[in-house]
Amino acid sequence: MELRHLRYFTVLAEELHFGHAAARLHMAQPPLSQRIRDLERELGVRLFDRTRHKVRLTEAGALLLEHARPVLQSAEAAHEAMRRIRPGESGVLRAGVPPDTVPATLRTLVAEFTREAPDALIDLQEMTTDEQLAALREGLLDAGMVRHPCDTAGLECGPIARRALGVVLPVDHEQAGAGTVDLRDLNGQPLVIFPRAMAPRLYDHVLSVCGSAGFRPGAIRHARNPHFSNGLVLAGRGVHLNERPHSGPPEGLCWRPLADTPLSWQTSTVWAPRRRHPMIDVFSEAATAGLAAAGHLTGAEGSPL
């Protein structure tokens, strides 16, 4: 049974008039009559009772109509979905975001992107900075949201948003009551940090700044997942450098700002110039709004961390 024959049948079932149905289908009446006869022959039932002045559905026709409408609606939905992802039309944007992106950023990013590009799709993928950079160069992503410093050679970056880092501590830590914490006061304590493979340049930069400020960790413990990082700190296995928690630290932990804010997360959108199209601009603006919603401050592009 061809889909177009089902459509012819459905329109005729709604109009119950061959002339009106043919006009609605932008075809002549004789071919429509022939297609309906072909469908009846294929199914082995009579779908319409026809008289000189009246057309009405048979019982079999009424039953087929119940099944035909959902089929046609599903086919139209599938067609619309394919139209939306077809290159050169409204399209789909494949974008990477860091694994620890806070919910407020994602909510605002998606809402702003959808508002500005309602006919486009955004496919967000959780990826580390280095995974995003590799995927951008291989054409597997259209845009990303990465942490600096990183190797963006051959790529273009949007404005950088900055968020000062503080230290996550157990509430019974000796520095928990301080207004601000000096990095040198953490010297010798274990540090919980993301694995170097996630963002090698950023990892090296963080440890370099810590060392220059007098904080040389007694041990390094790696954690990709924020919950695991917090769990290690809560268990007394180290301290953790991160931005102020958007909804407050988990029970048993506290966050204290660093004196002189020597460290910050520095985030920007990035894309391959050869893949630039209007949706990347929309994504960049939406990402900036998302970072602002989480309390990031916009700084000058290319500023050092």
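Residues numbered from 1 in each chain as written. Predicted model: local features only at pLDDT ≥ 70, side-chain atom pairs only at ≥ 80, totals over all residues. Heavy atoms only, no water.

*Asks:* Just to check I follow, could you spell out the packing of helix α1 (residues 3–15) against helix α3 (residues 29–43) for this structure?
*Replies:* In helix packing, the relevant descriptors are the interaxial angle and the interaxial distance, both defined with respect to the helix axes. Where α1 meets α3, the closest approach of the two axes is 10 Å, and the angle between their N-to-C directions is 110°. It follows from the interaxial angle that α1 and α3 lie roughly perpendicular. Note on packing geometry: the crossing formed by α1 with α3 is left-handed. Where α1 approaches α3, its residues Arg-4, His-5, Tyr-8, Phe-9 and Leu-12 are matched on the opposing element by Leu-32, Arg-35, Ile-36 and Leu-39. (Axes fitted to C-alpha atoms, helices over the stretch in contact; angles between N-to-C directions. Helix = DSSP H or I, 4+ residues; strand = E, 2+ residues; numbered from the N terminus. Parallel < 35°, antiparallel > 145°, perpendicular 65-115°, else oblique. Left-handed = near helix turned anticlockwise from the far one by under 90°. Contact = heavy atoms within 4.5 Å.)

*Asks:* Explain helix α7 (residues 200–212) to me, please; I cannot follow it from the model alone.
*Replies:* Every α-helical turn comprises 3.6 residues, leaving residues that sit three or four positions apart pointing alike. With 13 residues, α7 ought to run about 18 Å at 1.5 Å a step, and its terminal C-alpha atoms sit 18 Å apart, in line with that. Every buried residue of α7 is listed here: Pro-200, Leu-202, Tyr-203, Val-206, Val-209, Cys-210 and Gly-211. The elements touched by buried residues of α7 are α6 (129–137), β5 (143–148), β8 (191–193), β9 (220–222), β10 (239–243) and β12 (264–271). Phi for Gly-214, located one or two positions after α7, is positive at around 95°. (Expected span 1.5 Å × (residues − 1). Buried < 20%, exposed > 50% of the residue type's maximum accessible area, 1.4 Å probe, protein only.)

*Asks:* Mind showing me how you'd approach empty space enclosed by the protein here?
*Replies:* Gaps left between atoms show up when a probe the size of a water molecule is rolled over them. For the structure shown, the criterion picks out two cavities of 30 Å³ or more. Around the second largest cavity sit Leu-191, Val-192, Ile-193, Phe-194, Val-206, His-240, Leu-241 and Trp-265, which together line it. Elements supplying a minimum of two residues to the lining of the second largest cavity: β8 and β10. For the lining of the second largest cavity, the element with the most residues is β8, which contributes three residues. Here the residues of the lining of the second largest cavity are counted per class, giving seven nonpolar, one polar and no charged. (1 Å grid on protein atoms, 1.4 Å probe; cavity = no way out; pocket = protein on both sides within 12 Å on 5 of 7 lines; lining within 4 Å. Points joined across faces, edges and corners; volume = space filled by probe spheres on them. Nonpolar A, V, L, I, M, F, W, Y, C, P; charged D, E, K, R; others polar.)

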